[in-house]
Structures are given as structure tokens and as C-alpha cells.
Amino acid sequence: MNPVRFLIVFLLIVLIIPKEVFATFDMSIEGNYKTIDFGAMELGEEKKLVERGGYEHQFNFTSDNGRTWYFKAQILRPFTSMTYTIPPENFQWIVEELINGQGILSASVSKPAPFSKTPVLIYTSAGTDEAGTEVQIRLKYRLKIPENQTAGAYTAHIRFIMVEEL
Amino acid sequence: MKLITKMKKPIFLIAILVFLCLTDYCAHAFRMNVDPPRVEMFVEPGQEKSGYITVTNYDEENAIHVKVYINDLVYLPDGSNDFLPEGTTPWTIADWLKIGPTEFDVPPAEQIKVRYVTEVPKGVRGGRYGVAFFEVSPPLREFIKGRTTAAINVRLGSIFLITVQGTEEYIAELQDIRVGKPDKDGVFEIYCTVKNGGNVLARPNGPVKLIDSSEAEIAELMLNESKSGVLPGTSRQFSVKYDKGELAPGEYFVQVVLDYGGEDFLGGQIGFTIE
């Protein structure tokens, strides 16, 4: 076969066939997707993480299932060191930017909202969000250490959720 | 090399562009797909049905560790669902659904098929609802000593709706219609509360008409256009907003007709005053 024809056929197979086979319901994270690292902090210090130029993580969502989906966040364990805990409301997420989304943000852009033990709604999809358009949400994070907090190595555990509505 | 030198320039450029698109497709640090995100099935009593959910790891370099588990779910006032431990609601799928494997690694750029089997016992009726979560968590070594760090878990859900074929009962009641006071921008909300007395999920939706005292229709709004549900044995309030704009002070009516999936419609009307 002519090499050019071979290349075109190969590319058609690679590009078209997988897209026809799989339904899309995916979430990706750009940035450090394993941890949110505030580094070393002082008592009474407040720190905002914006490592990627104004935001810390970019979450990308794609769904072509034609159904409402939502993005939620939850704190599984607040910042804890031995038996000492930083109040969960001192750890906050902030939407820096919504790109391509036709849905609704539960908190206004730049308005801090605390993590909570029950999943907190960040975004509800609408329109083209459910027809394959990639929605991008940029988040930054803020943590305030209380003045009277006992010193220690504090770690927390959070969860991000993408799921369709029942 | 011979292949490239023989290629015409535009085709070579197209090939490079396509390559760049493909690499961008895979460039995210973490990317997981769950397919399908919704499993809706009708099963005869005493029968079983099975299928697969495919979990794909798009990361070209790192494997992901996935745990699979079932949760019950309920509706929250904001219309989204909250998730409860399996077996805690009357409509739980936990005793009908088996899923496995429940813990596995997905190698880079690979996918794993998770099998589910639904067994519906004899003598049961109605619908069951829940979610299978696919959760990825980082290894604990990601915590760095002396630093204030939060580990991140990510989970994607696949919703399950299981109906015992031929046993569906659609019974619903429009419990309340209420009109709220206009806010400072002149927008008011019309609230409707629907109780689902049946044994399957109901999705009441339909027109809400605003009518003036001369019985002229002023506006028609759609309540619950996204067809959100009401779980069996529960009530849920839906609302729709209207900007009163130039609406003159006086007496008006709200007329509601809702299709909930049953043989008839739910209807109701109330009067209200604009001052």
C-alpha cells in the first residue's frame, strides 16, 4: 500500500474507532492530583495556594450521556495532628474560573467556601456540559492556622466526586 | 525515514497536528473514565441480569488503585444526591447487586472491566436505586513529613436504577402549591411539593401557568424541566422562578399540571396577590 494511504487509514482507525466505542464520563486533574501541599506554616498564618498562576488545580469534566451531573467536594478527615484538629471551616476552596461550563456554580467565583464532612456541591451541569463539551473548573485553596493551635505536623484527607443525578 | 521523506509536506503537517492532538488527549496528570455512568435495568422477579462497567486510566505513566463499593442515595434540597452507607434506605440496591472485583490496579493507559450481577428475589415489587463508586486514593507515602498536606481522593459514580418488571406502581400527590414574595429584583418563586406514594422513582414535571383575574394566560413556565426524581415514599419540593416585570398589582392564579408517569396527571391551582 502507498505509505501516505497507509498513514491516513491508520490515523482514521486510531482517531475514529475508539470514540465510537466508549461512552465518556470522565474527570481529570491538572496539577498535583495526589496532595494539596501548604508546606510549613506558622501559627496564625493564612495561606492561599495558587501554584498554577491564580489557581492550584484545574478539574476537567466530560460527559456525553445527556444527563445532569455534578461535582462535589468533601473532607474525609480535617487537618489533624495526633489528637489536635484544625477546624474544618478554616480549610476552604475557591473557584477561580469556570471555562466552557453552561451549568451552575454553587459558590460565586472568588468566594471562599469551606470543605465539609458532607459532600458540598461545587458545580451542576447543564446544556452542552452533558453533550461532550469539556468543562474546566479552576480551584484554589485557603488554609488558616488558628493562633492558639497546638504545633504539629497536620495532615488531612479530602475527596472530589463526579456523579450523575439519580 | 524513507516513509517520511516520501510523504508530501501537507500530509506530514497533518500527521504532526494529529499527533499533537493525541498527546494533548493524554496529557492530563490524572484522568479516569467510568463507562457507563448509569445502568438502568428491568428485571423479572426471580431472575438475574449482569453487565460490565469499564474503568479506564488515561495516565500514560502511572497506575491507579481503585476501590469499588456501593452507596445508597437520597435527594438533597439543592437537587443533587447525598450518599449514605449501603443498606440504609428502603430503596437500597445493596441486597440485589453484586459487583466485582472490588479492589484493583488499572495499569497506565489500560482499562479494567468490573462485572455486576443483579439478582431480584421472587415476591418483590417496585424499584431500587443506588450508586457504585469507583474511588482512587493516593498511597500514604504521599504525605511529606513536616508539611501541612491534604491527600486527595477522587471518585466517579455509576448510578443504578433497578425495576422489578411488571410491578411498577405510579402513585403521586401534589401536596402543596405556594408562591413566595418577590425579591428586590421583582423575581418570585412558585413552589410545588410532590409526594411519591408509589414504589418506583417518579419524575413529576410539567407546565406552571400564570393567569390573571380575567383568566388570560400571562406566562407558562416549566417545573422540573430536567426531570429530577422523587424517591418512593418521600416528598420533594420543586420550584420555578418568574420575573414579575411590569405585572400590575392585582389578583392572579397559578395553575399546575404535572406528569409523574402515572395514568393521570397531578393538577392544582391557587390564587395570589401582587401588591
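It should be noted that the structure appears before, not after, this text.
Residues numbered from 1 in each chain as written. Chains lettered and ligands numbered in written order. Predicted model: local features only at pLDDT ≥ 70, side-chain atom pairs only at ≥ 80, totals over all residues. Heavy atoms only, no water.

(A) Structural context of the overall build of chain A. Check the secondary structure of chain A and you find one helix and twelve strands. When the elements of chain A are put in sequence order from the N terminus, they spell out α-β-β-β-β-β-β-β-β-β-β-β-β. Expected size for 166 residues packed as a compact globule is a radius of gyration near 15 Å; at 20 Å, chain A overshoots this value by more than 25%. Taken over the C-alpha atoms alone, chain A extends approximately 75 × 35 × 25 Å along its principal axes. By the burial criterion, 50% of the 166 residues in chain A qualify as buried. Sequence-distant contacts, at least 24 apart, represent 80% of the contacts inside chain A between residues at least 6 apart. Carbon together with sulfur atoms contributes 53% to the accessible area of chain A, which is approximately 7,400 Å² in total. Here chain A contributes 16 positively and 19 negatively charged side chains, and the mean placements of these two sets differ by 2 Å. (Helix = DSSP H or I, 4+ residues; strand = E, 2+ residues; numbered from the N terminus. Rg over C-alpha atoms; globule rule 2.2 N^0.38 Å. Buried < 20%, exposed > 50% of the residue type's maximum accessible area, 1.4 Å probe, protein only. Contact = heavy atoms within 4.5 Å. Areas by Shrake-Rupley, 256 points an atom, 1.4 Å probe, with all protein chains shown as cover. Lys, Arg positive; Asp, Glu negative; His and termini not counted. Charge placed at Lys NZ, Arg CZ, Asp CG, Glu CD.)

(B) Summary view of the sheet that holds strand β15 (residues 235-243) of chain B. Residues and elements named next belong to chain B. One open sheet holds the three strands; their spatial order is β11-β12-β15, and the pairing between them is antiparallel. The open sheet has two edge strands with one neighbour each: β11 (172-179) and β15. Direction aside, neighbouring strands of the sheet carry axes that sit 20° apart on average. Here strand β12 (residues 187-196) pairs with β15 via nine bridges, running antiparallel. Of the residues in β15, the one forming a bridge with Thr-193 is Gln-237. (Pairing = 2+ DSSP bridges. Axes fitted to C-alpha atoms, helices over the stretch in contact; angles between N-to-C directions.)

(C) Representation of the sheet that holds strand β14 (residues 217-223) of chain B within the structure. Residues and elements named next belong to chain B. With respect to topology, four strands assemble into an open sheet ordered β14-β13-β16-β17, the strand pairing being antiparallel. Each having just a single partner strand, β14 and β17 (266-274) make up the two edges of the open sheet. Neighbouring strand axes in the sheet, compared pairwise and without regard to direction, differ in orientation by 20° on average. In this sheet, β14 lies alongside strand β13 (residues 206-212) in antiparallel orientation, the contact comprising six bridges. Bridging across to β14, Gly-206 finds its partner in Leu-223.

(D) Representation of the packing of aromatic side chains within the structure. This structure, assessed with the given rule, holds 20 aromatic pairs over all chains. With 6.0 Å between their ring centres and 35° between their planes, Tyr-252 of chain B and Phe-272 of chain B make a pair best called tilted. Here Tyr-252 of chain B, found in strand β16 (residues 250-258), pairs with Phe-272 of chain B, found in strand β17; they are 20 residues apart in sequence, far enough to count as distant. The same class applies to Tyr-252 of chain B as to Phe-272 of chain B, namely buried. Taken together, the ring pairs in this structure connect Phe-38, Phe-59, Phe-61, Trp-69, Phe-71, Phe-79, Phe-91, Phe-115, Tyr-123, Tyr-141 and Phe-160 of chain A into an aromatic cluster. Against the face of Tyr-58 of chain B rests Arg-31 of chain B, its NZ or CZ located 4.3 Å from the ring centre. Across from the ring centre of Tyr-191 of chain B, 4.3 Å away, lies the NZ or CZ of Arg-178 of chain B, which sits over that ring. (Phe/Tyr/Trp six-rings, centres within 6.5 Å; stacked < 30°, edge-to-face > 60°. Lys NZ or Arg CZ within 6 Å of the ring centre and 35° of its normal.)

(E) The pattern of salt bridges, seen in detail. Residue and element names in this part refer to chain B. Applying the stated criterion to the full structure yields twelve salt bridges over all chains. Note that Glu-169 and Arg-125 form a salt bridge whose closest N and O atoms lie 3.4 Å from each other. Taken as a pair, Glu-169 in the loop between β10 (149-164) and β11 and Arg-125 in the loop between β8 (111-119) and β9 (127-136) lie far apart in primary sequence, 44 residues in all. We classify Arg-125 as partly exposed; its relative accessible area is 49%. Taking the shortest distance from any N to any O, the salt bridge between Lys-209 and Glu-217 comes out at 3.9 Å. Classification of Lys-209 as partly exposed rests on a relative accessible area of 24%. When salt bridges that share partners are traced, they join Lys-209, Glu-217 and Glu-220 into one network. (Salt bridge = Lys/Arg side-chain N within 4 Å of Asp/Glu carboxyl O.)

(F) Structural view of the interface of chain A and chain B. With 56 residues of chain A at the contact, the number on the chain B side is 61 residues. Here chain A packs against chain B, burying approximately 4,900 Å² in sum over the two surfaces, 59% of which is carbon and sulfur. When the area that chain A buries against chain B is broken down by residue, the three leading residues are Tyr-33, Lys-34 and Leu-166 of chain A, summing to 16%. Linking chain A to chain B there are four salt bridges. In this structure, Asp-37 of chain A and Arg-147 of chain B form a salt bridge, with 2.8 Å as the shortest nitrogen-oxygen distance. Counting every contact that joins chain A to chain B gives 31 residue pairs in polar contact (both at pLDDT 80 or more). (Buried area = accessible area lost by both parts, 1.4 Å probe. Polar contact = N/O pair within 3.5 Å; in protein donor to acceptor, adjacent residues only side chain to side chain.)

(G) A look at the environment of Gln-237 of chain B. Residue and element names in this part refer to chain B. Note that Gln-237 resides in strand β15. Residues Gln-237 and Tyr-191 lie 46 residues apart in sequence; the distance between their C-alpha atoms is 6.6 Å. Apart from the residues lying within four places of it in its own chain, the contact partners of Gln-237 are Arg-178, Tyr-191, Cys-192 and Thr-193.

(H) Highlighting the side chain of Asn-71 of chain B. Assignment of secondary structure puts Asn-71 of chain B in strand β4 (residues 64-75). In this view, Asn-71 of chain B contacts Phe-83, Leu-84, Pro-85, Glu-86, Gly-130, Val-131, Phe-133 and Arg-155 of chain B; residues no more than four positions away in its chain are not counted.

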